[in-house]
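Listed below are the residues making up each chain.
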Amino acid sequence: MARLADYFVLVGYDPGKRGSRDGQGQILQRFPEKDWEDNPFPQGIELFCQPSGWQLFTERNPPTFFVAVLTDINSERHYCACFTFWEPIESAQPQSHPRNGDGEEEEEPSSPVQPAQLFAPKSLVLVSRLDHAEVFRNSLGLIYTIYVDGLSVSLENVIGNLLTCTIPITGGAQRTISLGAGDRQVIQTPISDSLPVSSCSVALLFRQLGITNVLYLFCAALTEHKILFLSSSYQRLTDACRALLALMFPLKYSFTYVPILPAQLLEVLSTPTPFIIGVHSIFQSETQELLDVVIADLDGGTVNVPECVHISLLPEPLLQQTREALSMVLDPELEVADLAFPPSTISVSSLKMQDKEIRAVFLRLFAQLLQGYRWCLHIIRIHPEPVIRFHKAAFLGQRGLTEDDFLTKVLEGMAFAGFVTERGAPYRSIDLFDELVAYEVKRMRAEEGNKQKILRHIKELAEKLYKNENPYPAVTMHKVQKPTEGCHLRLHQKPFPRLDEGTVQWIIDQATAKLQTAPPAVKAEKKCMVPSGPPIAAIMERNGNALANSARRLEVVRNCISYVFENKMLEAKKLFPAVLRAMKGRAARHCLTQELNLHVQQNRAVLDHQQFDFIIRMMNCCLQDCTAMDEHGIAAALLPLVTAFCRKLSPGITQFAYSCVQEHVVWTNIQFWEAMFYCDVQNHIRALYLDNSEENHTDEESPEEPQEAKSALEIASEQLRLWPTMSREKQQELIQKEESTVFSQAIHYANRMSYLLLPLDTSKNRLLRSSGLGDMESVSNSFVTNSIAGSVAESYDTESGFEDAESSDVANYVVRFINRFVDKVCTESGVTNEHLKGLHVMIPDIVQMHIETLDAVHRESKRLPPIQKPKLLRPNLLVGEECVMEGLRVYLMPDGREEAAGGNIGGPPLLPAEGAIFLTTYRIIFKGTPTDPLVGEQVVIRSFPIASLTKEKKINVQAQVDQFIQEGLQLRSCTFQLLKIAFDEEVASDSAEIFRKHLHKLRYPQHVRGTFAFTVGQSPKQAMQPKAKEKNPSLRTLSKNLVKNAKKTIGRQYVTRKKYTPPMWEQRGSQHFPEDNEDEISVSEEMDRSTLTPTTTMKPSDKMTINHLVERACCRDYQRLGLGTLSSSLTRSKSEPFRISTVNRMYAICRSYPGLLIVPQSIQDNTIQRISRCYRQNRFPVVCWRNSRTKAVLLRSGGLHGKGVVGLFKSQNAPTAGPSQADSTSLEQEKYLQAVINSMPHYADASGRNTLSGFTSAHMSSSGKWGSIRASGRMSSYALNVEIGSRLAGKELLGTHHNGTAEPGFLRPHRASLYIIGDKSQLKGVKPDPLQHWEVVPIEVFDVRQVKASFKKLMKACVPGCPSTDPSIAYLRSLEESEWLSQIHKILQISVLVVELLDTGSSVLVSLEDGWDITTQVVSLVQLLSDPYYRTLEGFRLLVEKEWLSFGHRFSHRGAQTLAGQSSGFAPIFLQFLDCVHQIHLQFPMEFEFSQYYLKFLSYHYISNRFRTFLLDSDYERIELGLLYEEKGERKSQQVYKSIWDYIDRLNKKAPIFFNYMYAPEDGEVLRPYSNISNLKVWDYYTEETLSEGPSYDWELAQGQPEPVEDTDRQDTGAPQTKRKIIWPCYDNRSRVEPDAISKLLEELHNLEMELGQIPERWKDTWDKVKASQRTEARQEGSRTPSSLLMSSGLSHHRRSLGVYLQESGVGSTLNLSLDSDTSSTSTPSSGKPGGRRSTSTLYSQFHTSESENRSYEGSLYKKGAFMKPWKPRWFVLDKTKHQLRYYDSRMDTECKGVIDLAEVESITPGTPTMGAPKTVDEKAFFDLKTTKRVYNFCAQDVPGAQQWIDRIQSCLSDA
């Protein structure tokens, strides 16, 4: 029984607080006055009566009623029923009125209602622990009625009766009460108190919000989100909150629950914990800034989920089923809405019934969610009271819902924890939910999808729920007086009277006294054993588990295991891969654990090494797919096995399986250990009671009924039933037995955990890396951890191995981990404190003992012969290339390219391969062997230069079927190579990190000097450290050289030196050099002008300076083209139109141009400076080629700035502001262009106005001449070739198709003399000017960004990272999307256009972007197409040196070669040019002297950084680094080539790999290739690879291993000797294996002669001579020689998709032809002997002319080394031009040993001989050279020699 109401309170407005804006309430009276003992008076009632604050109103409002809920400190809920009415406030009169009301109101005399009459609220409040809202409404209503209608009933009596009324809590009894005012009420109690009572609140909630919204709220509440209801009705807020709680049954909400929150407490909403709160909607604005609260607006019917909140919804299919069921209940019309004859009546349930139906849907939902939950309960104690834990992981695993967010969150939530505590108990009373989840789950499964049956079930459940609230059908009518209508509006209503406390208290006291005498009501609880329901497995079968392995697979697993134990290792090995694959399925893993269990006898199974290895690998494979939760219990099943299987390592030392399966996350997960522990404890406790019962019942039990094994819960419930009947001693005994069971298990687990957590090699800090332990405590080795380690170490025997700090670290971690575990489980399962302390003392000892046994095991296991892993193969390195990191063992994984992995070609997969990755100063190299045993003896090499790395990303790969997922890297290179590697498990992740760091350092050195081409031969350590003193020296020497050269050039004028700093690139790009360009070397103004404007003659002193420049490629080419000479004025004819200008020799005008430029004869140097400012980067137009026939010239320049030529073409009527500077430059520029035009011979013949005057504006419209190039949407204008009209060969140049009719000879007489090809965007407002002789051709070009993007896509297309579904289509599609070919098309198209124009006698100026990307591409292609010279090896080299290197293509910047360029990324401008050349080569194979291989070679090495040729961005920068001139004479040992051209020359002399055998040029042929995309081919450079040797472009490395090795293999097999060799498309280098055309022919000729018995003809003698000379040179060089003298002819371009079969004899003979095989196989790299260098002099003879000029004087001197070093003879060279004294080891030496800069020399003095000097020499032959840094001591052979040296050096110094 319980009191209906605990307190009655009268709350009124507090007039004392009237001054403040918000009024306050005060409790006027409360009954009973003193608190009940069992139920203290709740605080804060006055806040809850007026939740929106106490305010006065100007009119009387009708009374209101609502129920608020308060929660007290013991989380008991108190229901406060508030009945509020309004009373007028007297103006400032005391409120004490006589209670009986006989004294009249002392109101102001007869004035009518005062206008300012205010009304204050007053509340009657009932506080109760029962939620009978209707009864409360009626009771308070009755009190109000008595008061307002003045009934003759004592209020005190009514209230007294109300407070003393007691009713039963549950049981379904009806109770009629009367409060003594002639009233009667029936109170109905629910049958079961565990089911919530909802009347119709749930149905109302759905009506207000709709199905989806309520489901959102439901899921939010279950997953512990914050929920806020808004409404303008308090009663609805309470109902909605109550409804939400009712839906959550059987879970109970345990967080903050405030259905009505008062205004003063609004800050509660920002609490961090979850809540369900209702707030009046007037406070809506205050809820706006709550970011993590789900807000449900009941009045508006919306639910607002903030962005940052993610609500996990129910798992499918439950969500869908629940939605359907709800719509059947709420909207029955929906089913029949489409029927032609809908039924006339549809039975819609009453609101109360609908409410129960909705709840039935949710009840079913919970039954389905939690079905089988009782099978995952672990009972760990039964007595004194049951302790129960839930095995979450097993539940999720068996339900197959491990990934499900919703269920996981629910199971982790507080509500579920409460559910387990409350419903886990095995012996208790049960309710509807227990029955449903135990007995009806199967029914629900069966009815799935059948709507009628589902609806029937819902109605049945709803009936039961309804019955629970309303057990009796006919309820006696209530009879409660109601107040009369509108009584609240009465004017003269008396205030509510003050009640007499005494009367009420007396009534209460009497009632309590009566209760105490009454006998206590005993409630008979019906307890019983809770049914468990079917196990989950039985329920889940219907899924037809998708993972269920076929019986065959399980058979394989069983067979393999039995083979292992029968020692049939070969059989086992065969099955093993299949077993590992089968392990992906859960069934196979369970099968493995069961099978292994059968082979364990008495907890131990001793195996031999091979068996042990197999079992370990199976276990590891089994565990690797387990998550840390171990939801399928695999790890749990293996746990006893890992301590059972073992092998003997040596007498007394046994290694158990656990030491080899520790690397899995599951062992570090404390939840796993808890679940395992509880599971074992449960089994032991079950055993404990089973034994007991069997002892007692042995005699009684009849043998005929074999009982099913009882589950632990059944035993527990039985025990709980018997507990009250047992004696005290028996009870104590049971408690003690259970406690010691748990304790012994805890010791057992401490041991087990130390087994699996302590690594075999305790010196390794494995634990610090593993997830679980690392997270729990920070892994910082702070003082704390060390000090703990220290203190632990001292407290134990110090000899126990604790001295080693690291092992103690591991030990500490394990001890702490186990301690934490033991603390948790022991406190939960009630282990006594003494026992717990004992455990804590034991744990460190257990761990320590275990570490000691492990040390021994580790020692012994090291002695075992390791399992054979293939040994790491060392890669061949170049001379000077050094390893930065030794090989890390990795797997090379297949990427998206098919060939290597077998793919559609078939054949054994070469990848994945197992080997190592090496990082050298130059390359990243993988070398290894395929994992596939069929090709296991092949070697796989894949490498690329570090400098070409474009992208590096971490990936996770599974290298082998039986391995774990490993971390890996994917490295992509712009040489079209991809390394996808997975690190072997032996590679620690930190070494992988170090690898990445080194890689990054090498890829982006601080400065160009850090690249391989510079560091080659130094030790890699230096290469790794960024140089500190970088900037200053280079700037200093630079400014010195500049000034020095300036002095020489200008003569002895006054020179003031200002500090010079080269501007950053950004500035160079954006701003042309400042106007006062003389600043860099400011020449004083007094000098006469003539010296500054070099006249046409040149002073001899200047000629010396320019020697260098003359030797440059440009100059040689200018002379070849007859574009001007540097001779004196006498020999130069005035008629020559062009001259070589030295205006840029100091690189002052244009940093990125060469020193010598070709300009029109008539233009003076000083105007050039002004013109240059009009162009971007100061790149003004210069001539780079002249057509020898038409004398038309090709010019190049950067694009225009705003001013300049464009200004000439801008509309004429633009106002000009007087003759400004811009005008004068424009005029000069105009003069410049006119000078170019005047230089052309035909211009002189033609009459004055040979211009485009015939043009009308229509012809310039975009459909006009240039329309095709201009309107290139997606670069798809193929129209050009048509428009250039029948190849334009001068017939009708550019006949425009206008208005459908061609105008044939329209352009013939009016061809412009100069066409300027400019960027359309720059030439926006350009109008044609009839007076000029030039015409602007605006075209659209792509910018570098587009090239970069296109290249990225091209790389992904040609070398995809992972295989695609349909390779053929995907490849072509991605190729098209890359737009690479469209860009090639565009470049070729423009180039062909220019060629046409030049060929017809017009000059062309190409002026695009900054003049160094597309301009360079176009200009070079034009020359290549027009001039056959550039199609030879020598000419192509010259073309690249001239147009690309000298004219400043920014190789370093575009190649992102240094740290600075890292962000800009790689832009393959030069590669694009080479691709264009390749396209032309394909179309004209007979026109080129070089082969396709030559182009690939350049493509590879221009980014490889192996040579210095393509480093830096301009000649200026190369000079700054001293690169440009050291190529003469300062050669290092011939192994290390600095220039790619030298290397190519050497290679070309040795083997004709660069030679095109089809070379048969036609004289003077101008090539006009097709540029349509259909004519272009994808370059095979992008797609082919050779896995046998890596890229073939590093020639020294690519010497194939000697062939005969394979023959011996073949003989072993005893197979018939075959003459065929198989070639794999991506493995062998076909061109190498296939003999080329010439050697093939010679071979055949030789064979025929042999057959016919003829004497060899003359060719044979010649051939033998060639071979002989080749051999001698090879011996002298002692360097490696290529295995084939004659390389591929390049005849076969097409790639064979299948292996090619060749005659073997052919191969052999090629080898013999090349060289006698002894030299080729035994050739060794030269060890730098000075003798073996004869051939270098012949090789470099081409430089000797220049070298002799550089050596002003040379001879041999003795030089004293630095401090404490001896005297040595050295060969000294005095070089006036470079102004330095160089010395070499010997006269023949090409590598300079040191340089003394003469600028630093201070004095030369006669010296004295010091210790160790040559004895025979006269002491006058000694002299000293003092520099700013040190003093050099020299000694000549004799006195005159010394004198001569001193004079020469002196004269050099004075010249300077």
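Look above for the structure.
Residues numbered from 1 in each chain as written. Predicted model: local features only at pLDDT ≥ 70, side-chain atom pairs only at ≥ 80, totals over all residues. Heavy atoms only, no water.

*Asks:* Explanation requested: the pattern of salt bridges in the structure shown.
*Replies:* If the charged atoms of two oppositely charged side chains come close together, the side chains can form a pair. Applying the stated criterion to the full structure yields 71 salt bridges. With a shortest N-O distance of 3.1 Å, Asp1427 and Arg1120 are connected by a salt bridge. Of the two residues, Asp1427 is situated in the loop between helix 48 (1414–1426) and helix 49 (1433–1446) and Arg1120 in helix 37 (residues 1113–1121); the sequence distance between them amounts to 307 residues. Accessibility expressed as a relative area gives 9% for Asp1427, which makes it buried. (Salt bridge = Lys/Arg side-chain N within 4 Å of Asp/Glu carboxyl O. Helix = DSSP H or I, 4+ residues; strand = E, 2+ residues; numbered from the N terminus. Buried < 20%, exposed > 50% of the residue type's maximum accessible area, 1.4 Å probe, protein only.)

*Asks:* Would you mind going over a positive patch on the surface with me for this structure?
*Replies:* Residues Lys951, Lys953, Lys1352 and Lys1356 make up a contiguous surface patch of positive charge. Listing elements by their share of the positive patch, those giving two or more residues are strand 26 (949–958) and helix 45 (1344–1358). Assignment of secondary structure puts Lys953 in strand 26. Relative accessible area serves as the criterion here: at 37%, Lys953 is assigned to the partly exposed category. (Patch = residues over 30% accessible without salt bridge, like charges linked within 9 Å, V, L, I, M, F, W, Y side chains within 5 Å. Areas by Shrake-Rupley, 256 points an atom, 1.4 Å probe, with all protein chains shown as cover. Lys, Arg positive; Asp, Glu negative; His and termini not counted. Charge placed at Lys NZ, Arg CZ, Asp CG, Glu CD.)

*Asks:* Explain the environment of Cys82 here, please?
*Replies:* Mapped onto the fold, Cys82 is located in strand 5 (residues 77–88). On the basis of relative accessible area, Cys82 is assigned to the buried category, the value being 1%. With 18 residues separating them along the chain, Cys82 and Thr64 place their C-alpha atoms 8.0 Å apart. Setting aside residues no more than four positions away along its own chain, Cys82 makes contact with Phe48, Cys49, Thr64, Phe65, Phe66, Leu124 and Val125. (Contact = heavy atoms within 4.5 Å.)

*Asks:* Teacher, can you tell me more about the side chain of Gln970 here?
*Replies:* With respect to the helices and strands, Gln970 occurs in strand 27 (residues 965–973). Beyond its immediate sequence surroundings of up to four residues, Gln970 is in contact with Lys951, Glu952, Lys953, Ile955, Leu978, Leu979, Lys980 and Gly1361.

*Asks:* In this structure, what is going on with the sheet that holds strand 20 (residues 645–650)? I would like to understand it.
*Replies:* Think of a sheet as strands paired side by side through backbone hydrogen bonds, with each pair either parallel or antiparallel. The 3 strands are arranged 19-20-21 in an open sheet whose pairing can be described as mixed. At either end of the open sheet lies a strand with only one pairing partner, and these are strand 19 (605–607) and strand 21 (653–656). Sheet twist, expressed as the average angle between the axes of neighbouring strands with direction ignored, equals 40 degrees. Of the strand pairs in this sheet, strand 20 and strand 21 are connected by 4 bridges, and their pairing is antiparallel. In the sheet register, Lys648 faces strand 21, and the bridge partner there is Thr654. Packing of helix 21 (residues 609–624) onto the sheet brings it into contact with strand 19, strand 20 and strand 21, and relative to strand 20 it is tilted by some 140 degrees. (Pairing = 2+ DSSP bridges. Axes fitted to C-alpha atoms, helices over the stretch in contact; angles between N-to-C directions.)

*Asks:* Hey, could you run me through the sheet that holds strand 38 (residues 1334–1339) in this one?
*Replies:* Spatially, 5 strands are ordered 33-34-39-37-38 in an open sheet, and the strand pairing comes out mixed. The strands lining the two open edges of the sheet, one partner per strand, are strand 33 (1182–1186) and strand 38. Going across the sheet, the axis of each strand differs from the next one's by a mean of 25 degrees, ignoring polarity. When strand 37 (residues 1314–1319) meets strand 38, the two strands line up parallel, connected through 6 bridges. Note that in strand 38 the partner of Ile1317 across the bridge is Val1337. Along the sheet, helix 48 contacts strand 33, strand 34 (1193–1197) and strand 39 (1403–1407); its crossing angle with strand 34, the most-contacted strand, is approximately 165 degrees.

*Asks:* Explain the nonpolar core to me, please; I cannot follow it from the model alone.
*Replies:* Side chains that are nonpolar tend, in soluble globular proteins, to be buried together. By size, the foremost hydrophobic cluster in this structure holds 261 residues, and its most contacted members are Phe229 and Phe645. By size, the runner-up hydrophobic cluster in this structure holds 135 residues, among which are Ile1168, Val1336, Leu1408 and Tyr1430. (Core = buried A, V, L, I, M, F, W, Y, C linked by side-chain atoms within 4.5 Å.)

*Asks:* Honestly, the packing of aromatic side chains in this entry has me stumped. Any pointers?
*Replies:* The geometry of an aromatic ring pair is captured by the separation of the ring centres together with the interplanar angle, meaning the angle of the planes. A complete count under the given rule lists 78 aromatic pairs for this structure. A cation sits over an aromatic face here: Arg752 above Tyr749, 5.2 Å from the ring centre. (Phe/Tyr/Trp six-rings, centres within 6.5 Å; stacked < 30°, edge-to-face > 60°. Lys NZ or Arg CZ within 6 Å of the ring centre and 35° of its normal.)

*Asks:* I would appreciate a short explanation of the side chain of Gln655 in the present structure.
*Replies:* Take Gln655: it is sitting in strand 21. The class of Gln655 is buried, set by a relative accessible area of 2%. Side-chain polar atoms of Gln655 contact the side chain of Ser659, separated by 3.0 Å. Beyond its immediate chain neighbours, meaning those up to four positions away, Gln655 contacts Phe612, Phe645, Cys646, Arg647, Leu649, Cys660, Leu760, Val857 and Ser861. (Polar contact = N/O pair within 3.5 Å; in protein donor to acceptor, adjacent residues only side chain to side chain.)

*Asks:* Help me out: how do you make sense of helix 2 (residues 133–149) in this one?
*Replies:* Owing to its 3.6 residues per turn, the α-helix brings residues three or four apart onto one side. Between the first and last C-alpha of helix 2 there are 23 Å, a value that for 17 residues agrees with the 24 Å anticipated at 1.5 Å per step. Most of helix 2 is tucked away, with 14 of its 17 residues classed as buried. With its phi angle positive at about 60 degrees, Gly150 sits one or two positions after the end of helix 2. (Expected span 1.5 Å × (residues − 1).)

*Asks:* What am I meant to see in the packing of helix 4 (residues 201–209) against helix 9 (residues 351–369) here?
*Replies:* Contact geometry of helix 4 with helix 9 gives a least axis separation of 7 Å together with a crossing angle of 85 degrees. On the basis of their axis angle, the class for helix 4 and helix 9 is roughly perpendicular. Contacts from Ser201, Val202, Ala203, Leu204, Phe206 and Arg207 in helix 4 reach Leu351, Gln354, Asp355, Ile358, Arg359 and Phe362 in helix 9. Of the residues assigned to the contact of helix 4 with helix 9, the class counts are 7 nonpolar, 2 polar and 3 charged. (Parallel < 35°, antiparallel > 145°, perpendicular 65-115°, else oblique. Nonpolar A, V, L, I, M, F, W, Y, C, P; charged D, E, K, R; others polar.)

*Asks:* Mind showing me how you'd approach the environment of Arg399 here?
*Replies:* Note that Arg399 resides in helix 10 (residues 392–399). Separated by 232 residues in the primary sequence, Arg399 and Glu631 have C-alpha atoms spaced 9.6 Å apart.

*Asks:* I tried to follow the packing of helix 7 (residues 318–330) against helix 9 on my own but got confused; where do I start?
*Replies:* Describing two packed helices takes the angle between their axes plus the distance from one axis to the other. Orientation of helix 7 relative to helix 9, taken along the N-to-C sense of each, is 165 degrees, at an axis distance of 10 Å. Regarding the angle of helix 7 to helix 9, the classification is roughly antiparallel. Crossing geometry of helix 7 relative to helix 9 is assigned as right-handed. Every residue of helix 9 that contacts helix 7 at Leu318, Gln321, Thr322, Ala325, Leu326, Val329 and Leu330 is listed here: Gln354, Glu357, Ile358, Val361, Phe362, Leu365, Gln368 and Leu369. (Left-handed = near helix turned anticlockwise from the far one by under 90°.)

*Asks:* What is the right way to read helix 12 (residues 414–423) from this model?
*Replies:* Taken together, the buried positions of helix 12 are occupied by Ala415, Phe416, Phe419, Val420 and Arg423. Each buried residue of helix 12 lies within a common arc of 140 degrees when the element is viewed along its axis, so the set occupies one face. Elements in contact with the buried residues of helix 12: strand 15 (377–381), strand 16 (387–390), helix 11 (405–412), strand 17 (427–428) and helix 13 (432–439). (Arc of directions from axis to C-beta.)

Remember, this is a structural readout, not a statement about activity or role.
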